[in-house]
Amino acid sequence: METANQIVSLGTFQVLKLPLGFIRGLEWLFAIFAFATCGGYSGQLRVSVDCINKSDSNLSIGINFAYPFRLNRVEFDVPMCEGRRQERLYLIGDFSSSAEFFVTIAVFSFLYSLLATVVYIFFQNKYRENNRGPLIDFIVTVVFSFMWLVSSSAWAKGLSDVKVATDPDEVVLLMSACKVQTNKCSSVYGPRWSGLNTSVVFGYLNFVLWAGNIWFVFKETGWHKGGAARYPASSSEKQTTAFNQQVYNQGSFDQSGGAFTGTGDFAQSEYSQVGNYGGPISYTNQ
């Protein structure tokens, strides 16, 4: 318990209330939803073949498929309505490239969002040191925004093709028994697409989050007009400030006389000089 309290005390969790940290947390969460709804999907469709000879019929032929949607490797047996003979068929298409690309971007997005959040909380000083951290963060955010747009669009097209390839009415056309008019072939039910449709939605939502976060990351860089104010001043600037402060503290300005006055019991002369310009010297005898 004490160790956990020490870890919490060392971190700057206030950053999670800022847009930069809050959006990073949303990116981490939405990336989980994206690869979980796509990578964890499995579907099934069923068709029926009603032969003239009822003993040869099969009214419930189940066809299962899942991520990564290499449908050309999904096999199923159907009756040929010729005695007890059956034929082995395969679905059409391989849509693994777009699906795996989408899941890969989601996984790397999840890992980077988690890493960035940890850096924001526990290593904020090193993150802003020399402006290197914000610049790297900005470049990575831009790249992930583009990759989310590309992968989501590719997966949306791939999902459309998967729906066509697993349509029971299209699968029935692959069966030789269904080409005979005396045999009746029909679909029992098709796959449920709600999970995969949700994955596409989460893909585009991730693109919106990453694209929107570009501005907040950009504000952390030195390219932004206010970015330099967060970083410590250079040694030359510090020396100039100290020198000006020392000159200012040498005397106090008398508003009524408009001259610098010193303290002492004997005659004293003072002079004032403004900036680097050798201005007129005023003497005051006491």
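As the structure is a prediction and not an experimental result, all values here were calculated from the model.

### Concerning the state of the cysteines
Alright, step 1. If you walk through the whole model with that rule in mind, you get two disulfides.
Alright, step 2. Sulfur-sulfur distance for the disulfide between Cys-51 and Cys-81 comes to 1.8 Å. Residues Cys-51 and Cys-81 are joined by a disulfide whose S-S torsion is about -70 degrees; by sign, that bridge is left-handed. Placement of Cys-51 in the loop between β1 (42-50) and β2 (58-66) and of Cys-81 in the loop between β3 (75-79) and β4 (86-90) is noted, with a sequence separation of 30 residues between them.
Alright, step 3. Counting only the cysteines that take part in disulfides, in the order they occur along the chain, gives the pairing 1-2, 3-4.

### Considerations on the packing of aromatic side chains
Alright, step 1. Taken as a whole, this structure holds 18 aromatic pairs when the rule is applied.
Alright, step 2. With 6.2 Å between their ring centres and 35 degrees between their planes, Tyr-112 and Trp-210 make a pair best called tilted. Linking Tyr-112 in helix α3 (residues 96-122) with Trp-210 in helix α7 (residues 194-218), this pair joins segments that are 98 residues apart in sequence. Grouping residues by exposure puts Tyr-112 and Trp-210 together as buried.
Alright, step 3. With 5.7 Å between their ring centres and 50 degrees between their planes, Phe-138 and Phe-218 make a pair best called tilted. Remark: Phe-218 occurs in helix α7 and Phe-138 occurs in helix α5 (residues 132-165); sequence separation between them is 80 residues.
Alright, step 4. Accessibility expressed as a relative area gives 15% for Phe-138, which makes it buried.
Alright, step 5. One aromatic cluster is present, built from ring pairs that chain together Tyr-41, Phe-65, Tyr-67, Phe-69, Phe-102, Trp-148, Trp-155 and Trp-193.

### Examining the side chain of Glu-27
Alright, step 1. Secondary-structure assignment places Glu-27 in helix α2 (residues 19-39).
Alright, step 2. Judged by its relative accessible area of 0%, Glu-27 is buried.
Alright, step 3. Within the structure, the side chain of Glu-27 is placed 2.6 Å from the side chain of Arg-24, a separation counted as a polar contact.
Alright, step 4. Residues contacting Glu-27, with those up to four places away along its chain left out, are Ser-113, Asn-206, Leu-209, Trp-210 and Asn-213.

### Let's talk about the packing of α2 against α7
Alright, step 1. Across the interface, α2 lies against α7 with an axial gap of 9 Å and an inter-helix angle of 160 degrees. With respect to α7, the element α2 is oriented roughly antiparallel. Two packed elements cross with a definite hand, and for α2 against α7 that hand is left-handed. Across the interface between the two elements, Pro-19, Leu-20, Ile-23, Arg-24, Leu-26, Glu-27, Phe-30, Ala-31, Phe-33, Ala-34, Thr-37 and Cys-38 of α2 pack against Gly-195, Leu-196, Thr-198, Ser-199, Phe-202, Leu-205, Asn-206, Leu-209, Trp-210, Asn-213, Phe-216 and Val-217 of α7.
Alright, step 2. For the contact of α2 with α7, a count of residues per class yields 16 nonpolar, six polar and two charged.

About the cut-offs
Residues numbered from 1 in each chain as written. Predicted model: local features only at pLDDT ≥ 70, side-chain atom pairs only at ≥ 80, totals over all residues. Heavy atoms only, no water. Disulfide = S-S within 2.5 Å. Helix = DSSP H or I, 4+ residues; strand = E, 2+ residues; numbered from the N terminus. Phe/Tyr/Trp six-rings, centres within 6.5 Å; stacked < 30°, edge-to-face > 60°. Buried < 20%, exposed > 50% of the residue type's maximum accessible area, 1.4 Å probe, protein only. Polar contact = N/O pair within 3.5 Å; in protein donor to acceptor, adjacent residues only side chain to side chain. Contact = heavy atoms within 4.5 Å. Axes fitted to C-alpha atoms, helices over the stretch in contact; angles between N-to-C directions. Parallel < 35°, antiparallel > 145°, perpendicular 65-115°, else oblique. Left-handed = near helix turned anticlockwise from the far one by under 90°. Nonpolar A, V, L, I, M, F, W, Y, C, P; charged D, E, K, R; others polar.

By themselves these figures say nothing about function.
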